Amino acid sequence: MSTSEKSSYHHGDLRAALLSTAMEMLENGEPFSLRAIAREAGVSPTAPYRHFKDREALESALAAEGFRDLLADLGGGRDLPTSLPDLAEFAVSYVAFALRRPALFRVMFGKPCNGADDERVKAAEALHELLADALDRVFPDADASALASAGWGLAHGLACLYLDGKLQAASGQEVADRVRGAFLAISSVGS
């Protein structure tokens, strides 16, 4: 969209347009502020403040969107896991999301959830509930919440190790194999 088209464009859903612009800037590695997002979206510099108190509120909304996107990747039209290998595939999907969208992943987990930000808290809780439900199906007699925290911690730790360059792989398949192997190795220790 040209600059002249942007300046004359009226948004039907300003909040969604601002989030879309912010997400694009974030994922392209562009520094952003509310003013920069307004400029890119072709709205007045004060328009974002109608929806976001400050940059932190915008980042929180981006994080909530990220949690929902991750949840969609994990659920992705598939049935809940019924076996350890199925659970390992959840971990593979989690790490793949982090590596595909590293800037968003860091925004999602870079700061604690603010209890006052209901949208972000609900999105993070939905992810934890999906993991707990999945683990409960595979281990019906175990503490699903504790297992969800452990499984999430393992997948998250591997994602961060790859993002930070502590683990390296030549291909996505190599990453998937390592994540799968780590998850299955940990879960088989007590067997």
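Every value quoted in this text rests on a predicted model; they were computed, and no experiment measured them.

1. Comments concerning the side chain of Glu59
Then step 1. Here Glu59 lies in helix H4 (residues 55-75).
Then step 2. Once residues lying within four places of it in the same chain are set aside, the contact partners of Glu59 are Phe32, Val107 and Lys111.

2. Things to note about the UniProt feature "DNA-binding region" (unreviewed entry) in the protein chain
Then step 1. Within this numbering scheme, the UniProt entry marks residues 33-52 as carrying the feature "DNA-binding region" (unreviewed entry).
Then step 2. Secondary structure within residues 33-52 divides into 40% helix and 0% strand; the distance between the first and last C-alpha atoms comes to 11 Å.

3. What to know about the environment of Phe105
Then step 1. Mapped onto the fold, Phe105 is located in helix H6 (residues 102-109).
Then step 2. Between the alpha carbons of Phe105 and Ala36 there is a distance of 21 Å; along the sequence they are 69 residues apart.
Then step 3. The contacts of Phe105, once residues within four sequence positions are left out, are Tyr94, Phe97, Ala98, His156, Ala159, Cys160 and Leu163.

4. Side note on the side chain of Thr21
Then step 1. Following the sequence through the fold, Thr21 ends up in helix H2 (residues 14-27).
Then step 2. One polar contact links the side chain of Thr21 to the main-chain carbonyl oxygen of Ala17, over a distance of 2.9 Å.
Then step 3. When residues no more than four places from it in sequence are discounted, the contact partners of Thr21 are Ile37, Glu40 and Ala41.

About the thresholds
- Residues numbered from 1 in each chain as written.
- Predicted model: local features only at pLDDT ≥ 70, side-chain atom pairs only at ≥ 80, totals over all residues.
- Heavy atoms only, no water.
- Helix = DSSP H or I, 4+ residues; strand = E, 2+ residues; numbered from the N terminus.
- Contact = heavy atoms within 4.5 Å.
- UniProt positions renumbered as here; feature names shortened; annotations may be inferred.
- Polar contact = N/O pair within 3.5 Å; in protein donor to acceptor, adjacent residues only side chain to side chain.

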